Amino acid sequence: MTSVWAPSKWGRFFSRSPDWTLTREGIRLTLEVREVSHIADVAESSSLVVRDGLLWSSVTVTPEGSAPVKVSGLSKRAAASLRAGFAEILEEIRIREESDLLSKAHRTMTEWLTKRHEIESRADSERRWLTQEMLHSLEGERPQLNTFEMVTLLRDAALRARLGDKAVELDRHLREWMSDVGEAWHALNTRHSERELIECADILDRVESRPLTPEQARAVVCFDNRVQVVASAGSGKTSTMVARAAYAMHRGIAKPDEIIMLAFNKQAAEELKERANRSFQRLGMNGASVEASTFHKLGLGIIGRATGKKPDIPEWAFEPVEGFRKLAELIDGLKDQSISFRAQWDLFRFVCTRDLPKFGEAARPDAWDEQGAGSILTADGTRVRSQEEALISNWLFYNGVNYRYEQSYAHDTADASHRQYKPDFYYPDIDLHHEHFALDARGNAPAHFGDYVAGVEWKRQLHTERGTALIETTSHQVRTGTVLDHLEKELTERGIVLDPNPDRPIPENGLRPMPSEELIGLARTFISHYKSNGLTPDELAERVDKLPADAFKHRYRMFASLAIQVIKVWDQALAAVGGVDFEDMLNMAADYVENGTVEEPYRLVMADEFQDASRARARLCRALVQKKGRFFFAVGDDWQSINRFAGADISVMTGFRDWFGHGQILKLERTFRCPQALCDVSSRFVSKNPSQISKNVHSTTPAAGPVLEAYQVEQREQLSDAVRQYVEQLAEGVQNGTITPGRNGKVSVYVLGRYNADQQHVPRLPREAQRVVDVSFLTIHRSKGSEADYVILPELLTVLRGRSFPSTRNDDPVLGLAMPPGDDYPQSEERRLFYVALTRARRTVVMFTVQGKCSTFLKELEAEGAVTIQASDGQPVQEDPCPACSQGVLVLKSGRHGQFRSCSNFPVCRYKPKQKRSLTN
């Protein structure tokens, strides 16, 4: 299209403009003036300016890189035509540029979508899962496009007309580009799973002695890079692991020598290998064999290949009992070598044996008086009002200081509104009073203490007026640790000679300090977590410094100091025999794999009992699958995580994605063991902890009698006889046909103990009973993976000071210095231990307890209606709980003045309800 504009004859005359013509050819504008051509830079909208004058219009053309050229004499009508023509040029340029922009973006988009379609097509043809690794790689290659601008441009009708059919294609590709690839691949993977369940049904049905359940089969064919299977108790997790190995070989995902199954002990590894070999033979995979190894064996092998010398792990460096003995020996050596270590060790377990509640909060009482008022017990049997006062009392007793607690002041201070003043502590040998004030660093009391500070001032003033000596200590001093040095200075300057003695005899009514054995065990557990987390002394000190201001930092700091010294001699002992401990070995092996020193061949790594993994174990697993094209499959049940003392860290499982990146989390919720009623009770009990992974456990195992039974005897000494009678009744039931025999023609019974000492309750049965009943003992910790028809829990007791289930000794909070924050639900590990005990039974769990010492766990089940506690005569137990300690029950006793009721936990709890007075004529 060509258009020409020129001045009119009169316009040129009156405007005195030279003769000129402006020619448009397509989007080209050429101004010719005196035979010189000037081409307008039409890419700029300002390259042509038309201005109307009174009669004529002027035209200014700006060529690219040149000065503007102005002409005039154009009529108003021609000027309007020129403006319209220039607008058409600009519009044409816009459409052309935007069309080119969209076409270029479309080509870029199409290239990426083609790559995506190729990946999807290849996965479909090769029967492969679309993995998260593939998705991450694809998304990493995705070009940056301004999709908002593209969508906006495609709304332009003129531009769509220019694009024609390509606009429709671009719409479709743009929608696909903007869609969530992850969601799309999830749908494709779901379809892939359904097809695999059909195409591989022969393998999935024959790999084990019975066909896999649908949820087991789905876990097998879900071949994302990272998969965690949360398996309920008795849900067949081993079957799932073995089947996954067979499926991986069948589909060519991994060769037999590229598969490893990791177990936590040698016996479990051997069982895994045997199960796998039987399954492969059943499937006709003759000669196929996969590696089943412990972390111990794998780690040593990696280090050996990396260094040319396999290190030694002494038995005491990984076996709990031997480790405890070795550590006790090393600590005894430290005590002999260092007076300061010995003093610090004894001071910690004797004086700082317990943590403190938050500033202003009350600790749970240790004892109760006749009116039900609670108090804290000290080592010398004194009943004090606070945990801080108990610490001071214990220090005084430890050092042999003669003191009186809350002895009446020598001067009478009682009046109509106030009782007689009783200072916290009094030292009769030096006539010194001592007040311990609940004051922080600024001298402030907790807000809810009311006019406490006024009382402090009154006491100070009283001593000044009466001329009696007073020393003071504060909560701030206790929590920072300066209180002991302060007390020592104040007392010794006044003539007190300290005589520290950790073996000072403890009165019968005294609260025993932390046994040295318990502190040794705590140190051993701490070493495991410290090393598993790869901590250093500086990092440990930093963690102490970051504790809340009102924390008992002195105790944490004291323990950290002890632990670092113990770790040093532990490492020296290892070096002396050229060995490493288990945690160091795992970290070393992980180092060599992570930095490429050792290249492991495994494409498929599977870990059993993952709820018991330490952070060092998890790190090694992560290192093994760090390269592309590798798969990690972890199976476990966080509800059965009960080995924190051995270094297990439940956060590895509950925080699986934090450790291993995006992963599939599947569940095996069908159990082949427990009847549904027992599943319901045990699941409800353990799942009250919200930090655990939720599951809905279901079973098709039929019930055979009540799933829970509970019996109470009057005295602890009667428990063994009660257990024996119950087992003999079982034997009689099998003999007379009222009880169906188990799998081997007998009824199997586990006596499960919270402690090894519970083995005393295993009954000696007559020979006839032995023919129909198998009875064996296991600790609950060792019972995982085992099952029996009947499970007997012989000592479901809560004793205020003694062997209890749940244990009344909670995990010491100092362990938190070496572990991440997380599972702080009350008695969380003890609850999981109880769950493990309950879920070992195929038929019934039988619980035995003692009057006034009933386990809080059993009480919880009773309160929920899950079980009725029966007395020896078979009648439901009817008791009045003690309102003071909430643990004992009120029992009838005889005294000098006749019968009365009091708490069964006497003498710890001395509560007596007031006797009702009877009116007689």
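Residues numbered from 1 in each chain as written. Predicted model: local features only at pLDDT ≥ 70, side-chain atom pairs only at ≥ 80, totals over all residues. Heavy atoms only, no water.

The next point concerns the sheet that holds strand E24 (residues 747–753). Read from one edge of the open sheet, 6 strands run E25-E24-E26-E27-E23-E28, paired in parallel fashion. Only two strands of the sheet have a single partner each, and these edge strands are strand E25 (773–779) and strand E28 (869–870). As defined by bridge partners, strand E26 (residues 788–793) adjoins strand E27 (residues 841–850) across 5 bridges and the pair is classed as parallel. Within E27, the residue paired with Ala788 across the bridge is Ala841. Strands in contact with helix H27 (residues 719–736) are strand E23 (708–713), E24, E25, E26 and E27; relative to E27, the strand with the most contacts, it is inclined by about 150°. (Pairing = 2+ DSSP bridges. Helix = DSSP H or I, 4+ residues; strand = E, 2+ residues; numbered from the N terminus. Contact = heavy atoms within 4.5 Å. Axes fitted to C-alpha atoms, helices over the stretch in contact; angles between N-to-C directions.)

On to the nonpolar core, then. Core analysis: the biggest nonpolar cluster contains 107 residues, and Trp395, Leu396, Tyr427, Phe526, Phe610, Leu620 and Phe632 have the highest contact counts within it. With 12 residues, helix H21 (residues 553–576) is the largest single contributor of residues to this core. Counting 44 residues, the second largest nonpolar core, distinct from the first, contains Val227, Ala246, Ala254 and Ala276. (Core = buried A, V, L, I, M, F, W, Y, C linked by side-chain atoms within 4.5 Å. Buried < 20%, exposed > 50% of the residue type's maximum accessible area, 1.4 Å probe, protein only.)

Its 12 residues give helix H14 (residues 339–350) an end-to-end C-alpha distance of 16 Å, which sits within 8% of 16 Å, the value for a rise of 1.5 Å per residue. Those residues of H14 lying buried are Phe341, Trp345, Asp346, Leu347, Phe348, Arg349 and Phe350. On its buried side, H14 packs onto helix H13 (320–337), helix H15 (387–398), helix H18 (482–493), helix H19 (516–532) and H21. (Expected span 1.5 Å × (residues − 1).)

Here Thr147 shows up in helix H4 (residues 147–153). Look past the residues within four positions of Thr147 in its chain and what remains in contact with it is Leu174, Trp177 and Met178.

When you line up the elements, Tyr403 lands in the loop between H15 and strand E14 (404–405). The exposure class of Tyr403 is buried, given its relative accessible area of 9%. In sequence terms Tyr403 and Tyr427 are 24 residues apart; their C-alpha atoms lie 4.6 Å from each other. Contact partners of Tyr403, with chain neighbours within four places excluded, come to Thr378, Asp380, Thr382, Ser393, Leu396, Phe425, Tyr426, Tyr427 and Pro428. A polar contact of 3.3 Å, which involves the side chain of Tyr403, links it to the side chain of Thr382. (Polar contact = N/O pair within 3.5 Å; in protein donor to acceptor, adjacent residues only side chain to side chain.)

We now examine the packing of aromatic side chains. Any aromatic ring pair is given by two values, namely how distant the centres are and how the planes are angled relative to each other. Applying the stated criterion across every chain yields a total of 33 aromatic pairs. Pairing Phe685 with Phe834 gives two aromatic rings, centres 5.1 Å apart and planes at 70°, and the pair type is edge-to-face. Here Phe685 is found in helix H26 (residues 676–686), whereas its partner Phe834 is found in helix H29 (residues 828–838), with 149 residues between them in sequence. There is no split in this pair, since Phe685 and Phe834 are both buried. Note on Tyr726 and Phe848: the rings are 6.4 Å apart at their centroids and 80° apart in plane angle, and the pair reads as edge-to-face. In this pair, Tyr726 sits in helix H27 while Phe848 sits in strand E27, placing the two residues 122 residues apart along the sequence. Each member of the pair, Tyr726 as well as Phe848, is classed as buried. Ring-pair connections join several aromatic residues into one group, and the members of that group are Phe610, Phe632, Phe656, Trp659 and Phe660. (Phe/Tyr/Trp six-rings, centres within 6.5 Å; stacked < 30°, edge-to-face > 60°.)

In this section: a nonpolar patch on the surface. On the surface, Trp10, Phe13 and Phe14 cluster together into a nonpolar patch covering about 420 Å² of accessible area. Mapping Phe14 onto the fold places it in helix H1 (residues 9–15). (Patch = residues over 30% accessible without salt bridge, like charges linked within 9 Å, V, L, I, M, F, W, Y side chains within 5 Å. Areas by Shrake-Rupley, 256 points an atom, 1.4 Å probe, with all protein chains shown as cover. Salt bridge = Lys/Arg side-chain N within 4 Å of Asp/Glu carboxyl O.)

On to the sheet that holds strand E5 (residues 48–52). Taken together, the 3 strands give an open sheet; going across it, the order is E5-E6-E7, and neighbouring strands pair in antiparallel fashion. Looking at the sheet topology across the chains shown, the edges are occupied by E5 and strand E7 (69–74). Adjacent strand axes in the sheet meet at a mean angle of 20°, parallel and antiparallel pairs treated alike. The sheet strands contacting helix H2 (residues 76–125) are E5, strand E6 (57–61) and E7, and the helix crosses E5 at an angle near 150°.

The full count for this structure, using the stated rule, is 68 salt bridges. For Arg684, the salt bridge is made with Glu864, and the minimal N-O distance between the two is 3.5 Å. Taken together, the positions of Arg684 in helix H26 and Glu864 in the loop between helix H30 (856–863) and E28 put the pair 180 residues apart, joining distant regions of the chain. Accessibility expressed as a relative area gives 38% for Arg684, which makes it partly exposed. The partner of Glu787 in a salt bridge is Arg842, with the nearest N and O atoms 2.9 Å apart. Of the two residues, Glu787 sits in the loop between E25 and E26 while Arg842 sits in strand E27, which places them 55 residues apart along the sequence. Taking the relative accessible area as the measure of exposure, Glu787 reaches 23% and is therefore partly exposed. Residues joined by salt bridges that share partners form a network here, namely Arg673, Arg743, Glu787, Asp789, Arg842 and Arg843.

Take the layout of surface pockets next. In this structure, the second largest pocket encloses a volume near 1,400 Å³. In terms of lining, the second largest pocket is formed by 42 residues, of which the most central are Arg385, Glu406, Asp424, Tyr452 and Lys459. At the level of elements, strand E12 (374–377), H15, strand E16 (432–437), helix H16 (452–466) and helix H17 (475–480) are the ones that each hand at least two residues to the lining of the second largest pocket. Per element, the largest residue contribution to the lining of the second largest pocket is 6 residues, and it comes from H16. (1 Å grid on protein atoms, 1.4 Å probe; cavity = no way out; pocket = protein on both sides within 12 Å on 5 of 7 lines; lining within 4 Å. Points joined across faces, edges and corners; volume = space filled by probe spheres on them.)

Another point: the packing of helix H10 (residues 237–250) against helix H11 (residues 266–282). In contact at an axis separation of 10 Å, H10 and H11 are set at 50° when each is read in the N-to-C sense. Taken together, the axes of H10 and H11 are oblique relative to one another. H10 and H11 meet at a crossing whose hand is right-handed. Contact residues: Thr238, Ser239, Met241, Val242, Ala245, Ala246 and Met249 in H10; Leu272, Arg275, Ala276, Ser279 and Phe280 in H11. Here the contact of H10 with H11 is built from residues that sort into 8 nonpolar, 3 polar and 1 charged. (Parallel < 35°, antiparallel > 145°, perpendicular 65-115°, else oblique. Left-handed = near helix turned anticlockwise from the far one by under 90°. Nonpolar A, V, L, I, M, F, W, Y, C, P; charged D, E, K, R; others polar.)

Let us look at empty space enclosed by the protein. Considering all chains together, one arrives at 6 cavities of 30 Å³ or more under this definition. The calculated volume of the largest cavity comes to roughly 90 Å³. In terms of lining, the largest cavity is formed by 15 residues, of which the most central are Val351, Thr353, Arg354, Gln387 and Asn394. In terms of residues, the lining of the largest cavity owes the most to one element, H15, which gives 4 residues. Looking at the lining of the largest cavity, its residues break down into 9 nonpolar, 4 polar and 2 charged. Empty space within the second largest cavity amounts to approximately 60 Å³. Partitioned by chemical class, the residues of the lining of the second largest cavity number 3 nonpolar, 2 polar and 3 charged.

On average, the protein scores 92 in pLDDT, and the residues at 70 or more come to 99%. By mean pLDDT, the top-scoring element of the protein is strand E18 (residues 604–607) (98), and the lowest-scoring one is H1 (82). (pLDDT = per-residue confidence, 0-100.)

What follows covers the environment of Leu817. Considering the arrangement of structural elements, one finds Leu817 in the loop between E26 and H29. Considering only alpha carbons, one finds Leu817 and Glu508, 309 residues apart in sequence, at a separation of 34 Å.

Turning to the environment of Gly287, a few remarks are in order. Tracing the backbone through its elements, the reader meets Gly287 in the loop between H11 and strand E10 (291–294). When the C-alpha atoms of Gly287 and His418 are compared, they prove to be 90 Å apart, with 131 residues separating the residues in sequence.

For the bond running from Phe805 to Pro806, omega is 10°, close enough to zero to count as cis. Considering the arrangement of structural elements, one finds Pro806 in the loop between E26 and H29. Cis geometry is found at the peptide bond from Phe906 to Pro907, where omega equals 10°. One can find Pro907 in the segment after strand E30 (898–903). In this model, Arg16 sits at a positive phi of 55°, which is unusual for a non-glycine residue. Here Arg16 shows up in the loop between H1 and strand E2 (20–25). Although it is not a glycine, Asp431 sits at a positive phi angle of roughly 50°. For Asp431, the position within the fold is in the loop between strand E15 (425–427) and E16.

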